[in-house]
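# Summary of the model geometry
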Amino acid sequence: QEITLGDHLLVGNVGWSNVARSFDAVKLTYTHDRGTLQLFYAKLEDENISSGANNEYSNFMGVYESLKLNDTVTNLDLYLLSKNDHTVSGNTDIYSYGARMKANVASLTVRGEVTMQKGTVAGVDQDSQSQFDIEVGRNFDGIKTYVSLEYFMASKDFDQMYPTAHK
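Right, let's walk through the structure included here. Model, not experiment: these values are computed from the prediction. (Residues numbered from 1 in each chain as written. Predicted model: local features only at pLDDT ≥ 70, side-chain atom pairs only at ≥ 80, totals over all residues. Heavy atoms only, no water.)

### Some remarks on the pairing of strand β3 (residues 58–67)
Walk down a regular strand and you will see the side chains alternate between the two sheet faces. Burial runs high along β3: 8 of the 10 residues are buried. Of the strand pairs in this sheet, strand β2 (residues 35–43) and β3 are connected by 9 bridges, and their pairing is antiparallel. Of the residues in β3, the one forming a bridge with Y41 is M61. Of the pairings in the sheet, the one linking β3 to strand β4 (residues 73–85) comprises 10 bridges and is antiparallel in character. Across the sheet, residue S66 finds its bridge partner in β4, namely D77. Between β3 and β4, which pair antiparallel in sequence order, lie 5 residues. (Buried < 20%, exposed > 50% of the residue type's maximum accessible area, 1.4 Å probe, protein only. Helix = DSSP H or I, 4+ residues; strand = E, 2+ residues; numbered from the N terminus. Pairing = 2+ DSSP bridges.)

### Remarks on the nonpolar core
Grouped together as the largest cluster of nonpolar side chains are 14 residues, with contacts concentrated most on I3, L5, V11, F60 and L81. Listed by contribution, the elements that provide at least two residues to this core are β2, β3 and β4. Here F60 is in contact with V11, F23, F40, Y41, A42, L44, L81, S82, K83, M161 and Y162, once residues within four sequence places are set aside. (Core = buried A, V, L, I, M, F, W, Y, C linked by side-chain atoms within 4.5 Å. Contact = heavy atoms within 4.5 Å.)

### Some points on the pattern of salt bridges
Between side chains of opposite charge, pairing is possible as soon as their charged atoms come close. If you walk through the whole model with that rule in mind, you get 8 salt bridges. The shortest N-O distance in the salt bridge between R111 and D133 comes to 2.8 Å. Residue R111 is located in strand β6 (residues 108–121), and its partner D133 is located in strand β7 (residues 124–140); the two are separated by 22 residues in the primary sequence. As far as the burial class goes, R111 and D133 line up, both buried. Two residues, R111 and E150, come together in a salt bridge whose shortest N-O distance is 2.9 Å. One end of the pair, R111, is in strand β6; the other, E150, is in strand β8 (residues 145–154), and 39 residues separate them in sequence. Classification of R111 as buried rests on a relative accessible area of 8%. (Salt bridge = Lys/Arg side-chain N within 4 Å of Asp/Glu carboxyl O.)

Below is the structure:
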């Protein structure tokens, strides 16, 4: 199944590609009066069954809460994501947590997202990594055009996980 979160900055679908992205996953969704809570677990590749006692795995799991606070703050998303790859020499375990916000201020749309990461890559402890993204834009209905200004910054070793990238 496809898994998409927020603006696809960290996790998005790639249905247009020759090699589309999908996950073997279980996803539970709880909808409440303020928004939606998603819990998911995805197995990224089959275990190597060619060797007898192989317990290597590659998984992706997370908790994603999407809230609608009011007419101004149309989205406030909070998340915790875990990407574990134990199929290569030296385990990789990356834990990401962050927040995404979308708001309408006067005639402008404001969107921002910040993510922090911690964990190990190829068995080596990773310093804290982060990404920050902000966008301010305006919709011109008369000419059916949206104009925006966006700034994105990420640490050198920030793992973008599974983004749609260009959406």
